[in-house]
Amino acid sequence: GAVVSQHPSWVICKSGTSVKIECRSLDFQATTMFWYRQFPKQSLMLMATSNEGSKATYEQGVEKDKFLINHASLTLSTLTVTSAHPEDSSFYICSARDHNSTYEQYFGPGTRLTVT
Amino acid sequence: GQSLEQPSEVTAVEGAIVQINCTYQTSGFYGLSWYQQHDGGAPTFLSYNALDGLEETGRFSSFLSRSDSYGYLLLQELQMKDSASYFCAVRAISSGSARQLTFGSGTQLTVLP
């Protein structure tokens, strides 16, 4: 099946710094990628949807200036958490939709961010 | 917007059958998906129903009734490795993006020996 990778798998950073998370579709082209955040024992909450070559669409309540998303190619999307705070500590998961598929989304392994 | 309801936890023994229900409210409905997630891992796709009826994939089956806005995931011959969280997710048109997934709160399944 299709594989989505994320890097790094975990990261610890200090408050006020920025962290970049990469999401790659390894064996398919993803015109659309999604970024989710998941707090412990909770559901996945969609943060934003990115389409290759265009600006991301953010969900209500998600600050676009804090969570910068770039989808520069059909296989790579990045999420940058700027000026991180401890409350940004979470599990960030990306998902990619194969442009040949009408419904299936493939999820990356997630990135656990801890802000100290 | 969309909302989904599913039980928070279910416990069953090895070899048993368990059904996890999901009811949803949404507009622009396309279909209902089910995902499995083990602790610390990523969600893995289990099934997708766009039309009414039962879809069977090995030990797992999923059912959808669009008129009732209801679906369920049926797990048969439970194994210890099936202990995980199970999420139903609605695929629907959204103001943010076409055909995006909205996840339910998840059902923690515990399989006992």
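Refer to the preceding data block for the structure.
Residues numbered from 1 in each chain as written. Chains lettered and ligands numbered in written order. Predicted model: local features only at pLDDT ≥ 70, side-chain atom pairs only at ≥ 80, totals over all residues. Heavy atoms only, no water.

A. Main features of the sheet that holds strand 8 (residues 76-81) of chain A. Residue and element names in this part refer to chain A. Sheet architecture is open: 4 strands sit in the order 1-3-8-7, paired in antiparallel fashion. The sheet is open, and its two edges are formed by strand 1 (4-7) and strand 7 (67-73), each paired on a single side. Going across the sheet, the axis of each strand differs from the next one's by a mean of 15°, ignoring polarity. Note: strand 1 against strand 3 (residues 19-25), 4 bridges, orientation antiparallel. Its bridge partner being in strand 3, His 7 is matched across the sheet by Glu 22. (Pairing = 2+ DSSP bridges. Helix = DSSP H or I, 4+ residues; strand = E, 2+ residues; numbered from the N terminus. Axes fitted to C-alpha atoms, helices over the stretch in contact; angles between N-to-C directions.)

B. The arrangement of the packing of aromatic side chains in detail. Within the structure shown, the criterion is met by 13 aromatic pairs over all chains. Between Phe 107 of chain A and Tyr 35 of chain B, the aromatic rings sit 5.2 Å apart at their centres with planes inclined by 80°, giving edge-to-face as the arrangement. Of this pair, Phe 107 of chain A sits in strand 10 (residues 105-107) while Tyr 35 of chain B is found in strand 4 (residues 29-37), placing the two residues in two different chains. Each of the two residues, Phe 107 of chain A as well as Tyr 35 of chain B, counts as buried. Between Phe 107 of chain A and Phe 103 of chain B, the ring centres sit 5.9 Å apart and the planes meet at 75°, which makes this aromatic pair edge-to-face. You can see Phe 107 of chain A sitting in strand 10 and its partner Phe 103 of chain B sitting in strand 10 (residues 100-103), one on each of two chains. (Phe/Tyr/Trp six-rings, centres within 6.5 Å; stacked < 30°, edge-to-face > 60°. Buried < 20%, exposed > 50% of the residue type's maximum accessible area, 1.4 Å probe, protein only.)

C. Molecular detail of the side chain of Ser 95 of chain A. Residues and elements named next belong to chain A. With respect to the element layout, Ser 95 can be found in strand 9 (residues 90-98). The exposure class assigned to Ser 95 is buried, which follows from its relative accessible area of 0%. Of the polar contacts made by the side chain of Ser 95, one reaches the backbone oxygen of Tyr 106; its length is 3.3 Å. With sequence-adjacent residues up to four places away left out, Ser 95 is seen in contact with Thr 32, Met 33, Phe 34, Tyr 36, Gln 105, Tyr 106 and Phe 107. (Polar contact = N/O pair within 3.5 Å; in protein donor to acceptor, adjacent residues only side chain to side chain. Contact = heavy atoms within 4.5 Å.)

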